[in-house]
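Reading the structure
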Amino acid sequence: MSEFDYDLIVIGAGSGGTRTARISASYGAKTLVVEGDRAGGTCVLRGCVPKKLLVYASQFSEQVSDAEGFCWQINNFKSNWMDLIKKKNKELDRLHEIYVNLIKNSGCDLISGWGKIIGPNKVSIKKNDGEVLEFSSKKIMIAVGGESSFPDFAGNQFMINSDQALDLNKLPKSIAIYGSGYIAVEFAGIFNGFGVDTHLIFRANDALRGFDSDLRQSLMTSMKQKGITIHNNNTISEIEKIKESCKITLSSGQELSVDMVMGATGRVPKISGLGLKNVGVQLGQRGEILVNQLNQSNIKSIYAIGDVTDKITLTPVAIAEGHAFADREFGGINRFISYENVPSAVFSQPSIAVVGLNYEEAKKQNVNAREYKSEFRALKNTISGNLERTLMKLVVDQDTQKVVGAHMIGPDAAEIIQGVAIAIKAGALKSDFDSTIGIHPSAAEEFVTMRS
Ligand code: NDP
């Protein structure tokens, strides 16, 4: 008999926590999963999945305009937001059920309630009906993710966050979105696609800090062409609620009146109520759980993965971390994940996807970098009349001839870059790209025909 009730308690049944629990259980670990909300987590229920469904839905307005460019006659084209939200929620219910079944069918116990760590090997669970349970465990995995965070200014309580933006029971006529990261530009595209008068307010000159500067400028041009009003080099000083609308005062002194304001100014680790300070778990400046290469905190029995560690806050990274943890701790496989060349995509309109270093980053790392670039109007847009342009770039280390980065803005960027990421991960040289025959006519072929 073990001295503990469980081998592993996982707090949080999002993508990372669920993978950790399932794989650990498959190795024979007696595992309990604790989830206060619904199993599925941020990505499935409040992030990637519903967001992408709404991105698809919002793109039809532009596709109709493209179709008219191709001489289709389309009358009476309009959307029904409420029906769409119902359908989206039905799909999320289905995915939630799949997560519950995945957890239970892999042999784990699942308890609905909020977990709190009350000792290095002890977790209390406040169930949603008020009952409190306590269990001991050899190891505890924290996989609770993050939550949105707003800067402090008068009236910030009038901003909705992305969770709420995904579940509006009515579309506003106008919206201002604060921030210019992943979430801000993705939602700007969604609302704009549905015909909402959309304003994007942010403090930098171009959106998406950290991305390739040409891609950033290209996105700015496209967003403006599609009708989004950009208020760059600005912060919000105040929001006043006046009857049904919000009056925004910007740092430039300009005032703006909109139906709704959405804050997308970053996310922070969701650690409140977890009892981490009481057990002495070390946290970083943003509240992130500090972990070593084993995803282990300073308390040896307590581990953390995913957004709560604030390393690379992407779902596939959390899943990979959880799987590797289970392999190491319960499967006898000494495996670690690599944080290099992690591809990512922004589902802005047009979409962006990148892998590896951009030119500026390569130079900062003293790479003898050269960049290759191709910028064009996609074949489809010659007839559709759509002004959107595609930009693709490769960054090459001239000393080794290795391709160290690939960057794209344009349709299907995520689908294309995922394939390129394999080549870069495998250490492909520029000559390998050059000797690959292109698929014609496609945008992707530009990656194998870049000469300057
Ligand atoms: P980001 O970190 O991407 O962007 C935050 C934005 O808020 C930036 O524009 C930032 O400005 C601005 N900001 C931060 N603090 C302040 C402040 N005090 N005043 C004014 N502006 C401020 O956060 P998101 O919330 O968009 O997304 C969180 C994370 O979620 C992402 O980093 C990503 O890892 C993940 N995500 C991934 C997606 C995907 O893979 N497609 C989709 C959505 C989210 P500045 O740039 O000037 O610092």
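Preceding this paragraph is the structure being described.
An account of the accompanying structure is given in this report. The model shown is predicted, which means the values in this text are computed figures rather than measured ones.

Thresholds applied
- Residues numbered from 1 in each chain as written.
- Predicted model: local features only at pLDDT ≥ 70, side-chain atom pairs only at ≥ 80, totals over all residues.
- Heavy atoms only, no water.
- Patch = residues over 30% accessible without salt bridge, like charges linked within 9 Å, V, L, I, M, F, W, Y side chains within 5 Å.
- Areas by Shrake-Rupley, 256 points an atom, 1.4 Å probe, with all protein chains shown as cover.
- Salt bridge = Lys/Arg side-chain N within 4 Å of Asp/Glu carboxyl O.
- Helix = DSSP H or I, 4+ residues; strand = E, 2+ residues; numbered from the N terminus.
- Buried < 20%, exposed > 50% of the residue type's maximum accessible area, 1.4 Å probe, protein only.
- Phe/Tyr/Trp six-rings, centres within 6.5 Å; stacked < 30°, edge-to-face > 60°.
- Near = heavy atom within 4 Å.
- Polar contact = N/O pair within 3.5 Å; in protein donor to acceptor, adjacent residues only side chain to side chain.
- Expected span 1.5 Å × (residues − 1).
- Contact = heavy atoms within 4.5 Å.
- Pairing = 2+ DSSP bridges.
- Axes fitted to C-alpha atoms, helices over the stretch in contact; angles between N-to-C directions.
- 1 Å grid on protein atoms, 1.4 Å probe; cavity = no way out; pocket = protein on both sides within 12 Å on 5 of 7 lines; lining within 4 Å.
- Points joined across faces, edges and corners; volume = space filled by probe spheres on them.
- Nonpolar A, V, L, I, M, F, W, Y, C, P; charged D, E, K, R; others polar.

The next subject is a nonpolar patch on the surface. On the surface, Phe70, Trp72 and Ile383 cluster together into a nonpolar patch covering about 360 Å² of accessible area. By secondary structure assignment, the location of Ile383 is in helix α11 (residues 379-384). By relative accessible area, Ile383 is classed as exposed at 51%.

Summed over all chains, the structure comprises 7 aromatic pairs. Measuring from ring centre to ring centre gives 5.8 Å for Tyr182 and Phe211, while their planes differ by 70 degrees; the resulting arrangement is edge-to-face. Placement of Tyr182 in helix α6 (residues 182-193) and of Phe211 in the loop between β9 (197-201) and α7 (213-225) is noted, with a sequence separation of 29 residues between them. Owing to a relative accessible area of 30%, Tyr182 belongs among the partly exposed residues under this scheme.

Attention shifts here to the site of the ligand. Taken together, 19 residues lie around the ligand, and Ser180, Arg203, Arg209, Thr313 and Ala345 are the ones closest in. Here Ser180 contributes a backbone N or O atom positioned 2.7 Å from an oxygen atom of the ligand. Note that a nitrogen atom of the ligand is positioned 2.7 Å from one of the backbone N or O atoms of Ala345. About the coverage of the ligand: the protein hides 76% of its 910 Å² of free accessible area. The biggest single contributor to the shell around the ligand is α6, with 3 residues.

Our next topic: helix α1 (residues 15-26). Taking 1.5 Å of rise per residue, the 12 residues of α1 would be expected to cover 16 Å, and the 17 Å separating its terminal C-alpha atoms lies within 8% of that figure. α1 sits mainly inside the fold: 9 of its 12 residues count as buried. Where α1 is concerned, the buried positions are Ser15, Gly16, Gly17, Thr18, Thr20, Ala21, Ile23, Ser24 and Ala25. Buried residues in α1 make contact with β1 (6-11), β2 (31-35), α2 (41-46), α4 (81-105), β5 (132-142) and α9 (315-330). Two residues or fewer past α1, Gly28 is found with a positive phi of approximately 100 degrees.

Attention shifts here to the environment of Asn233. Its place among the elements puts Asn233 in the loop between β10 (229-231) and β11 (236-242). Beyond its immediate sequence surroundings of up to four residues, Asn233 is in contact with Phe202, Arg203, Ala204, Asn205 and Ser251. Separated by 3.0 Å, the side chains of Asn233 and Asn205 make a polar contact.

On to the pattern of salt bridges. Oppositely charged side chains may form a pair once their charged atoms are brought near each other. Across all of its chains, the model carries 23 salt bridges by this definition. When the shortest N-O distance is used, the salt bridge between Glu131 and Lys127 registers 3.3 Å. In this structure Lys127 comes out as partly exposed when scored by relative accessible area, which is 24%. Taking the shortest distance from any N to any O, the salt bridge between Glu255 and Lys247 comes out at 3.8 Å. Here Lys247 falls in the partly exposed class, since its relative accessible area comes to 24%.

Attention now goes to the sheet that holds strand β20 (residues 390-397). One open sheet accounts for 5 strands, arranged β17-β18-β21-β20-β19; its pairing is antiparallel. What marks the edges here is a single partner per strand, and that holds for β17 (344-346) and β19 (369-376). Averaged over all adjacent pairs, the angle separating strand axes in this sheet is 10 degrees, with direction ignored.

Here the focus is the side chain of Ser136. Mapped onto the elements, Ser136 comes out in strand β5. Leave out the neighbours within four places in its chain, and Ser136 touches Glu3, Phe4, Asp5, Tyr6, Ile9, Asn121 and Lys122.

A few words now on the layout of surface pockets. Taken as a whole, the second largest pocket holds about 790 Å³ of empty space. Looking at the second largest pocket, it is lined by 34 residues, and the ones nearest its centre are Lys380, Glu388, Pro411, Asp412 and Ala413. Broken down by secondary-structure element, the contributors of at least two residues to the lining of the second largest pocket are α3 (48-69), α11 and α12 (413-425). The element contributing the most residues to the lining of the second largest pocket is α3, with 7 residues. Of the residues assigned to the lining of the second largest pocket, the class counts are 13 nonpolar, 10 polar and 11 charged.

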